[in-house]
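Report on the structure
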Amino acid sequence: MQHAAGGCPGFSLWPVSARADALETGGDFREATGEPASSDGELSDETGSQEESAGKDGDLDAENSDAAGTVGEEEITAVEEQVDFSEEIVVTGTAETEEADGADASGTGADGGNEEIMVFGLSDLDTDEEGNLRSADAGALDTMLQNTVSWLKGSQSSVLNDDFLSGVSSTATDWTAFSLGRLGISDNYSGFLAAADAYVRESYEEDPEYGLSYSKATEWHRLTLAVLAAGGDPTSVGGQDLIADGVYNCLIGDPWTQGVNGAFWGLLALDSRGYEVPEGAAYDRDDLIRYILDSQVPGGGWTLYGSQADVDMTAMAVYALAPYYAGNAEVRSAVDAGLAFLRNGISADGDLESDGDYNCESTAQTIVAFAAMGIDPSSVTSPESGKSLLDGLAQYYNTDTGGFRHTLEDAASNSMATDQALYAIAAYRYCQKGLSIWDFKSPSDTSSYRISAGSTVYTAEASADAVLKVGAGVKEIRIDNIPVGNYDAAEVRAGETVFSTAGRTADGSFPVEGTIPVADGTVLQITVYRQNGTEENWTLTVQTDTAAEARAVIRQIDSLPDAADLTLEDADAVKTARTAFEALGEEEKECA
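Right, let's walk through the structure included here. Quick caveat: nothing in here was measured; it's all calculated off a predicted structure.

A closer look at the overall build of the protein
A count of helical and extended segments in the protein gives 19 helices and eleven strands. In the protein, 73% of the contacts between residues at least 6 apart in sequence involve partners at least 24 apart.

Encoded structure:
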């Protein structure tokens, strides 16, 4: 609905009324169902190196089910538009798992041996003619991915085939589904969701008290991430809520009963779409963060057993805590120590070790940790050789068959190493877009403030000295979105009272907690804490304007879809707009 510039727009109730009527009668509403995420949905395992699969590594399970629900199509699309990977990876044919005579499609040399693949680092070979560091060789990464997917398929037409799905939910299946989804590789995600749903339903029928496990909360966490990567809804899998049962009302008791990795993955699952913790829940985010911080060991890292810091566990702690780095000084100190520990462990080849062995998984986990912190893994290099973490990972790629090996001494590709290498590459690509691989929320809106007063929504263009115009009767406001980055934080000072951001929500909003008192001329002092450790000082000046409320309501109505295009997800917005309109005085309804 367009309004003439200036004067009275001839504003009437009909636009919002028609939409509200459509809601109430069922009208032309179409319920968004969504599809399995193609370019956005990926899962990474919480576990670490091969030897530790029973402890650090094997904790997340997914189940199948069409009943597993789906994330809203619009929400998935919003993230896919933000994370536009250069090209869809199309893999055809199958991989030969044995050596073949003659030409090698995997890119090996004539001798069939594994070639060294240097993706990039800081050596002279990795700079252009002007001496600038080259970005990662996308062609090399795509070749690795294509051949690895072929290796995973074997003789089947898809990775997520019937034989594969018979193992849902387990570390051997869930992380593969997660990795493929997050890389945007097409496969049988609906089959995965169906298998996950059936598995959860059957598990709860067999054991109503403990559901998926009597000892490992990560069974719920892993499956949560896999279901999200496949385009499903972890709050509705096999009739169960994986977030509730695995995290805030954990069925086995403390989420960290199995070890600190239960706290890592519980926090990652809870934050994956910004799930709210209901009042009266047994555990909340603060509990999980506190346990993680208290579990840090001398040397700056974390471990599952004993007091010797471990690369894999330290990397997991870093990427679990990463969203809290900007706004929490204690987290910042802990993460900085963890990153220093990881940097100090990088070898001349760009890889890292765990339990005495340099291996693919530890290197992959470290890539994911730096990427989650917004630090390009290509810039994290060995001071001795200049080789980067991606160089370190690339040497484990099996040029004979595709896939990744656990150690350099291994001849065959390893499924766990391959899963973790795949989601490390995905994490690198998400990092390039300013996002974390564990983040399934819509990107933040950095273009404008969104402010509500009652049912009326006001906006103000983002700037360091923004001006907000509100209705003459407004005495208090709520900041529903402050225009900061995905992993930033902010404090708003009104007089002597400080209000803080509560973290980004599933729709990308960055709300400030609390109701802020205002009057004409109020200047709110805002401190923005960036993920990179810098700070900025902003102001938001409030000005009252008789026509501001009417204009705000008009914008609310104009932002609604046409009645024929509404979905159930628009219900709250329609009702809010109608309430706001009905609260206007007659004069305000006539003129803006």
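Now that the structure is up, let's keep going.
Topic: the pattern of salt bridges
Pairing is possible between side chains of opposite charge, provided their charged atoms come close. Tallied over the entire structure, the rule returns eleven salt bridges. For Arg201, the salt bridge is made with Asp197, and the minimal N-O distance between the two is 3.2 Å. Pair noted here: Arg201 and Asp197 are both in helix α7 (residues 189-206), with a separation of four residues, about one helical turn. Residue Glu536 pairs with Arg530 through a salt bridge whose shortest N-O separation is 3.2 Å. Accessibility expressed as a relative area gives 31% for Glu536, which makes it partly exposed. Judged by its relative accessible area of 19%, Arg530 is buried. Beyond isolated ion pairs, a larger network of salt bridges with shared partners links Asp174, Glu219 and Arg222.

Brief notes about the nonpolar core
Core analysis: the largest hydrophobic core is formed by 106 residues, its most contacted members being Phe264 and Trp438. Residue contributions to this core peak at ten residues, all from helix α16 (residues 415-432). Here Phe264 is in contact with Ile292, Trp302, Met313, Met316, Ala317 and Ala320, once residues within four sequence places are set aside.

What about the sheet that holds strand β7 (residues 489-494)?
Strands in a sheet are paired, the pairing made by backbone hydrogen bonds, and the direction either parallel or antiparallel. An order of β5-β11-β10-β7-β8 is seen for the five strands of this open sheet, with the pairing classed as mixed. Single-partner strands in this sheet number two, and they are β5 (465-470) and β8 (497-500). Each strand of the sheet is rotated relative to its neighbour by a mean of 25 degrees, with strand direction disregarded. Pairing of β7 with β8, which is carried by four bridges, proceeds in the antiparallel orientation. Bridge pairing links Arg493 to Val498 in β8.

Examining the packing of helix α13 (residues 329-344) against helix α14 (residues 360-372)
A pair of packed helices is characterised by two quantities: the angle between their axes and the separation of those axes. Between α13 and α14, the least distance of the axes is 11 Å, while the angle of their chain directions is 140 degrees. With respect to α14, the element α13 is oriented oblique. The hand of the α13/α14 crossing is left-handed. Taken together, the residues of α14 that come into contact with α13 (itself represented by Leu339, Leu342 and Arg343) are Thr366, Ala369 and Phe370. Within the contact of α13 with α14, the residues separate by chemical class into four nonpolar, one polar and one charged.

Some remarks on the environment of Val467
In this fold, Val467 is placed in strand β5. Judged by relative accessible area, which is 41%, Val467 ranks as partly exposed. Put simply, Val467 and Gln543 are 76 residues apart on the chain and 7.2 Å apart in space, counted from C-alpha to C-alpha. Apart from residues lying up to four places away in sequence, Val467 is in contact with Ala460, Leu540, Thr541 and Gln543.

Digging into α13
Its 16 residues give α13 an end-to-end C-alpha distance of 23 Å, which sits within 8% of 22 Å, the value for a rise of 1.5 Å per residue. Listed as buried for α13 are Val331, Ala334, Val335, Gly338, Leu339 and Leu342. Within α13, the buried residues cover an arc of 135 degrees as seen down the axis, which keeps them to one side. Every exposed residue of α13 that faces more than 90 degrees away from the buried side is listed here: Ala329 and Asn344. Here the buried face of α13 lies against α11 (285-294), α12 (311-321), β1 (352-354) and α14. The N-cap of α13, judged by a side-chain oxygen 3.0 Å from the amide nitrogen of Glu330 a few residues on, is Asn328.

Some points on α12
Within α12, eleven of the eleven residues are buried, which leaves it mostly tucked inside the rest of the structure. The N-cap residue of α12 is Asp310: its side-chain oxygen and the backbone nitrogen of Asp312 are 3.1 Å apart.

Notes on the sheet that holds strand β9 (residues 516-517)
Strand order in the open sheet formed by four strands is β4-β3-β6-β9, with antiparallel pairing between adjacent strands. At either margin of the open sheet sits one strand with a lone partner, and together these are β4 (456-461) and β9. Of the pairings in the sheet, the one linking strand β3 (residues 448-453) to strand β6 (residues 476-481) comprises three bridges and is antiparallel in character. By the bridge assignment, Ser452 is partnered in β6 with Arg478.

Focus: the environment of Ala464
Residue position: Ala464 is located in the loop between β4 and β5. Through-space distance from the C-alpha of Ala464 to that of Trp538 is 4.5 Å; in sequence the pair is 74 residues apart. Excluding anything up to four places from it in sequence, Ala464 contacts Asn537, Trp538 and Thr539.

Here's the deal with unusual backbone geometry
Going from Val168 to Ser169, the amide bond is cis rather than trans, its omega being 0 degrees. One can find Ser169 in the loop between α5 (162-165) and α6 (171-183). Of note in this structure, Asp355 is not a glycine but carries a positive phi near 55 degrees. Within the fold, Asp355 resides in the loop between β1 and β2 (357-359).

The rules behind the values
- Each chain has its residues counted from 1, following the order in which its sequence is written.
- It should be noted that, the model being predicted, local features are given only for residues of pLDDT at least 70 and side-chain atom pairs only at 80 or more, the latter also being counted only at that level, while totals for whole chains, interfaces and linings use all residues.
- Each side-chain value is derived from all of the structure's non-hydrogen atoms; neither hydrogens nor water enter the calculation.
- Elements are defined by DSSP. Helices are runs of H or I of four residues or more, strands are runs of E of two residues or more, and each kind is numbered from the N terminus.
- Residues count as neighbours in contact if any of their non-hydrogen atoms are within 4.5 Å of one another.
- Just to be clear on terms, a salt bridge is a Lys or Arg side-chain nitrogen sitting within 4 Å of an Asp or Glu carboxyl oxygen.
- When a residue's accessible area, from a 1.4 Å probe over protein chains only, is under 20% of the maximum for its type it is buried; when over 50% it is exposed; and in between it is partly exposed.
- To qualify as a nonpolar core, a set must consist of buried Ala, Val, Leu, Ile, Met, Phe, Trp, Tyr and Cys residues joined through side-chain atoms within 4.5 Å.
- Between any two strands, pairing holds if DSSP finds at least two bridges.
- All axes are obtained by fitting lines to C-alpha atoms, using only the stretch in contact for helices, and the reported angles, taken between N-to-C directions, cover 0 to 180 degrees.
- These descriptions rest on fixed angle ranges, namely under 35 degrees for roughly parallel, over 145 for roughly antiparallel, 65 to 115 for roughly perpendicular, and the rest for oblique.
- Handedness of a helix crossing follows the sense of rotation of the near helix relative to the far helix, less than a right angle counterclockwise being left-handed and clockwise being right-handed.
- Ten residues, namely Ala, Val, Leu, Ile, Met, Phe, Trp, Tyr, Cys and Pro, are considered nonpolar, four, namely Asp, Glu, Lys and Arg, are considered charged, and the remaining ones, Gly among them, are considered polar.
- Every helix has an expected span of 1.5 Å times one less than the residues it contains.
- By construction, the arc corresponds to the directions joining the helix axis to the C-beta atoms.
- In protein, a polar contact means a hydrogen-donor-capable atom and an acceptor-capable atom, both N or O and within 3.5 Å, with residues adjacent in sequence counting only if both atoms are side-chain atoms; elsewhere, any N or O pair within 3.5 Å suffices.

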